Amino acid sequence: MRTLYTSGDFRRLEEAAAEELRALRDDDPVSEVIVVAGSNLLRSHLRNRLSAMLGGLFNVRFLTLPDLLPLVDEWSEAGLRNPLDPLAARVLLDELAGGEVPECFSEVAVTGGFSSALLSTFTDLAEGGCGAAEARAIIESGDPALRSDRVLGVLELFARYREMVESEGGDLHTSFSRAASFAAGALRDCAVFAYGFYDLNELQYRLLTAAMKAGPAAVFIPWREDTSYRFARPLIERLHEEGFTHVPLEDGPVGRAETGLFNAPDTVEEAREVVRRIIEMREAGGPRFGATAILPWSKSDWPPLREALEEAGIPWYSRIGSYKAADPVRTAAARLLDVLCGDGGRNELVDLLISSPIAVRGGVVSGTDPFALWVRLSAGEGMRGEDGWDAENERLIEKIRRHEEKEGDIGDVRRSEILASAIKAVSLIERARAAFGECGDWSGFSAVLAGAIGGLFEGESAQDAAAAVSQLAGLDEISSSCDAGRFRRIAAAALEGGAESEGSFGGDGVNVILARKARGLQFDVTFMTGLREGSVPGRIRQDPFIKDPEREAISKVTDGGVRLSLKGGRLSESAMIFAMACSSASSRLVCSWPRLETGGNREYLPTSSLRFVPGLPAGPSARADAADRIPLRGRPEGMEVPLGEADYDFLMSGRRLGKTIHYPSSIFFRMGTSLVRSRWGTRRFTPYDGVFESPEALAEIDAAMAEKSWNLSATTLQSWANCPFAFLVERLIGIESVEEPESCLLYT
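Keep in mind the model is a prediction, meaning the values are calculated, not measured. (Residues numbered from 1 in each chain as written. Predicted model: local features only at pLDDT ≥ 70, side-chain atom pairs only at ≥ 80, totals over all residues. Heavy atoms only, no water.)

Draft legend 1. Local environment of the overall build of the chain. On a plain count of helices and strands, the chain comes out with 30 helices and 13 strands. Each of the 748 residues in the chain was classed as buried or not, and the buried ones make up 45%. Contacts in the chain between residues at least 24 apart in sequence constitute 77% of all its contacts with a sequence separation of at least 6. Surface summary for the chain: the accessible area is close to 37,400 Å², and the carbon and sulfur share equals 50%. (Helix = DSSP H or I, 4+ residues; strand = E, 2+ residues; numbered from the N terminus. Buried < 20%, exposed > 50% of the residue type's maximum accessible area, 1.4 Å probe, protein only. Contact = heavy atoms within 4.5 Å. Areas by Shrake-Rupley, 256 points an atom, 1.4 Å probe, with all protein chains shown as cover.)

Draft legend 2. Structural view of the sheet that holds strand E5 (residues 217-222). As summarised here, the arrangement of the 6 strands in space is E3-E2-E4-E5-E1-E6, forming an open sheet in which the pairing is parallel. The open sheet has two free edges, formed respectively by strand E3 (60-63) and strand E6 (245-248), since each of these has just one partner strand. Put simply, the sheet's adjacent strands are angled 15 degrees from each other on average, direction ignored. Pairing between strand E2 (residues 33-37) and E3: 4 bridges, direction parallel. By the bridge assignment for E3, Val33 is matched with Val60. (Pairing = 2+ DSSP bridges. Axes fitted to C-alpha atoms, helices over the stretch in contact; angles between N-to-C directions.)

Draft legend 3. Structural context of the environment of Thr227. Position of Thr227 among the secondary structure elements: in the loop between E5 and helix H10 (233-241). Taking C-alpha positions, Thr227 is 8.3 Å from Ser572, a pair spaced 345 residues apart along the chain.

Draft legend 4. Geometry of the environment of Arg43. By the element assignment, Arg43 lies in helix H2 (residues 40-54). Each C-alpha atom, one on Arg43 and one on Phe62, is 6.0 Å from the other, the two residues being 19 residues apart in sequence.

Draft legend 5. Here's a closer look at the sheet that holds strand E8 (residues 292-296). Taken in spatial order, the 7 strands make up an open sheet running E9-E10-E8-E11-E12-E7-E13, and their pairing is parallel. In the strand order of this sheet, the two ends are held by strand E9 (316-318) and strand E13 (628-629), each with one partner. Strand direction decides the pairing type here: strand E7 (residues 258-264) and E13, joined by 2 bridges, are parallel. Paired with Phe262 across the strands is Asp628, a residue of E13. Against the sheet, helix H23 (residues 570-582) touches E8, strand E11 (523-529) and strand E12 (585-594), its axis set at about 140 degrees to E11.

Draft legend 6. Representation of the pairing of E12 in the model. When you tally the buried positions in E12, you get 7 out of 10 residues, the bulk of the element. Relative to E12, E7 runs parallel, the two sharing 7 bridges. When the bridges of E12 are listed, Thr259 appears paired with Leu589. Here E11 runs beside E12; their pairing, made up of 5 bridges, is parallel. Of the residues in E12, the one forming a bridge with Met528 is Cys591.

Draft legend 7. Region of interest: the packing of helix H16 (residues 370-380) against helix H18 (residues 415-436). It is at 8 Å that the axes of H16 and H18 come closest, and there the two elements cross at 90 degrees. Taken together, the axis directions place H16 and H18 in an arrangement best described as roughly perpendicular. On H18, the residues touching Pro370, Phe371, Leu373, Trp374, Arg376 and Leu377 of H16 are Arg415, Ile418, Leu419, Ser421, Ala422, Ile423, Ala425 and Val426. Tallied by class, the residues present in the contact of H16 with H18 amount to 11 nonpolar, 1 polar and 2 charged. (Parallel < 35°, antiparallel > 145°, perpendicular 65-115°, else oblique. Nonpolar A, V, L, I, M, F, W, Y, C, P; charged D, E, K, R; others polar.)

Draft legend 8. A look at the side chain of Arg277. Tracing the backbone shows Arg277 in helix H11 (residues 267-283). Relative accessible area serves as the criterion here: at 12%, Arg277 is assigned to the buried category. Not counting chain neighbours up to four residues away, the residues in contact with Arg277 comprise Phe262, Phe527, Arg588, Val590, Asp628 and Ile630.

Draft legend 9. Highlighting helix H8 (residues 172-186). Roughly 40 degrees is the biggest bend found in H8, and it falls at Ala180. Turning to H8, its buried residues are Ser175, Phe176, Ala179, Ala180, Ala183 and Ala186. In this structure, the buried residues of H8 make contact with helix H3 (65-76) and helix H9 (202-211). Residue Asp171 occupies the N-cap position of H8, its side-chain oxygen lying 3.2 Å from the main-chain nitrogen of His173. (Bend = angle between axes of the 7 residues up to and from the residue. Polar contact = N/O pair within 3.5 Å; in protein donor to acceptor, adjacent residues only side chain to side chain.)

Draft legend 10. Just the pattern of salt bridges, in detail. Applying the stated criterion across every chain yields a total of 36 salt bridges. The partner of Asp387 in a salt bridge is Arg395, and the shortest N-O contact between them spans 3.3 Å. For Arg395, a relative accessible area of 47% gives the class partly exposed. A network of salt bridges, in which partner residues are shared, links Glu273, Arg276, Arg277, Glu280 and Asp628. (Salt bridge = Lys/Arg side-chain N within 4 Å of Asp/Glu carboxyl O.)

Draft legend 11. Seen up close, a negative patch on the surface. A surface patch of like charges, here negative, comprises Asp390, Glu394, Glu398 and Glu405. For Glu405, the position within the fold is in helix H17 (residues 389-407). (Patch = residues over 30% accessible without salt bridge, like charges linked within 9 Å, V, L, I, M, F, W, Y side chains within 5 Å. Lys, Arg positive; Asp, Glu negative; His and termini not counted. Charge placed at Lys NZ, Arg CZ, Asp CG, Glu CD.)

Draft legend 12. Spotlight on the packing of aromatic side chains. All chains considered together, the criterion is met by 19 aromatic pairs. When the centroid spacing of 5.4 Å and the interplanar angle of 65 degrees are considered together, the rings of Phe122 and Phe158 count as edge-to-face. Of the two residues, Phe122 sits in helix H5 (residues 114-127) while Phe158 sits in helix H7 (residues 149-167), which places them 36 residues apart along the sequence. Following the ring pairs from residue to residue traces out a cluster consisting of Tyr5, Phe10, Phe193, Tyr195 and Phe220. The ring of Tyr205 is capped by Arg238, whose NZ or CZ atom sits 3.8 Å from the centre of that ring. Residue placement shows Arg532 over the ring face of Tyr604; its charged tip is 5.0 Å from the ring centre. (Phe/Tyr/Trp six-rings, centres within 6.5 Å; stacked < 30°, edge-to-face > 60°. Lys NZ or Arg CZ within 6 Å of the ring centre and 35° of its normal.)

Draft legend 13. Spatial organisation of unusual backbone geometry. Following Val536, the chain continues to Pro537 via a peptide bond in cis, the omega torsion being 10 degrees. Looking at where Pro537 falls in the secondary structure, it is placed in the loop between E11 and helix H22 (548-557). One non-glycine residue with positive phi stands out, namely Asn59, at about 60 degrees. Position of Asn59 among the secondary structure elements: in the loop between H2 and E3. One non-glycine residue with positive phi stands out, namely Asp559, at about 55 degrees. Considering the arrangement of structural elements, one finds Asp559 in the loop between H22 and H23.

Draft legend 14. Layout of a nonpolar patch on the surface. There is a patch of nonpolar side chains on the surface, built from Phe692, Leu698 and Ile701 and spanning about 250 Å² of accessible area. Turning to its location among the elements, Ile701 is positioned in helix H27 (residues 695-708).

Draft legend 15. Just the environment of Leu71, in detail. By the secondary structure assignment, Leu71 is in helix H3. C-alpha separation for the pair Leu71 and Ala183, spaced 112 residues apart in sequence, amounts to 9.1 Å.

Draft legend 16. Summary view of helix H1 (residues 10-27). Compared with the 26 Å implied by 1.5 Å per residue over 18 residues, the 26 Å span of H1 between its first and last C-alpha is a close match. All of the buried residues in H1 are Phe10, Leu13, Glu14, Ala16, Ala17, Ala18, Glu20, Leu21, Leu24 and Arg25. Where H1 begins, the capping side chain belongs to Asp9, and its oxygen is found 2.9 Å from the backbone nitrogen of Arg11. (Expected span 1.5 Å × (residues − 1).)

See the structure below:
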């Protein structure tokens, strides 16, 4: 029997999964069961929950969809090859984009983002079940909706790309497609459960349904009759057509978790308030850290959260940062790559020397930072590397030595001795840049960069970064030629790496997980941060090559054989992700957003998605009024009420100046600030922006436009929208800036 369970309450889905497992065990205590979860985190969480419900598990495998591939290969001898490395596939794509392309792409093909945009579209096509043969069949179909040069051109490029990939043994998409042909036979003696999925691409759907054809099967999908869950409906309908019996489960009590809402001056203060509340709850005997989660909506919210947790001494689990973000050596290696591929100018070099953990070698170790000293002294000498850094460094060190000999006793350590390690590092970078100019293949570029990393940095992190770069030498088997630009893109991706886990999920630390990765997880207390309009739900963009109507036409032409995801549907997916994140809290849910951007004065609005949070007021104004308003730390002494935006701006100006500020009482200052706020403190254009407000002025302008037959083009209106004041002084009054004579002479 094949059953489809749905509920908006993951606890009900977990109970249904436990009942299905219990029934299988009653029939056959040793039967093989495979549970396919929607993510690695959900796999771990579900295993723990079901084990607790059933008193342990036997002969039950918890996998993700990619984990099915080696299992199918092992049990069926399908002969799946190791898929092509993603970096190697990217090299093939770069080679394709840099070669002969359809004429409609000739102008954009030379831009840096062309291959990246192609990669996104090609991934959609491959995941949708399209191969080279299918792409050519679509081209030959002559469908009126698919006649544009843009669509035909990208399909032709995709067909050529897939042929290149298959000639190298195929990639992960090839493995998925092949595994789907063998899954039914390989897993015929197993019960297969699929848990936590709400959407599947075509390759995933084919593999999963093939795995469920022979034995008992059950699918558990988060869904309820609610607009926030409508994104899951197509998958439910398709599984129902596949023959699954739909069993809707009754949800638990809606709004069972206590809800809280606050806003803070910026992301830093928001993170501090979250941590303060976690500590406060723990001191009051609340849930342990491992039962608490922070779900930021964006990766950019993680650094201030990490800093606040470290400052408080609270352990955490996170899988948000990439290897590069978590490793200063990899970050420095990426900067080194920019220097080696750049123009050899001073700015990038200085940034590398000052912000990177470069080892001090070949010089005297003292309390003075040799790299900061080199930056200061070389700036004083006007050094810019135009004559070569080695030659300019030689003149610098000679001048310093003459000064030291002239001055006599100048202390225990001479500047020339301190500078030796910095000059050695600059010389190493200079030689690496020169070697880069002579390289023409992957092995040559990777050897130079790996050598430079080993020469500048030390420790295991340096060895790991050098090893990641050295592996690129194998790309010579894919593409024999390489230039600096291509190597720069691929090496940067190699240094970026994947996500790195810090801590143990569900252990002794607070769980910090991106909201979109938290589906199906359950915690006692959940904090959702960064819920500002614009970030949540985010912007939905159409694919640059194949728009949604054309994607629907492709599905129609192929009779559903190729199903591409619709970009417009991602708005509904975002709403569902938000609703599922809210449901992760069993006792308390706290939502928050920053009022202003860090260091700025642009005000953020709370996201409209807060309407999906049970227990919050329905209207946006009522929600904003219900939120706790967290004041800025260090507010002026004697202020007992939360700061207003004007007070915040005043304090921020003092912070930027690095001075202790006091509120002035002068009437002239108050008059001046009143004028400034009337100009900058509103969200609408005012007379200060070149907008006429009085009826008399508007009537005169209307009469003048009619009399002189003025017409405003779209470009003119855009110019006014960009800056009404500039439009007034430049277009209407005719004021022009006069270039200084000295500047004219200097530049000419």
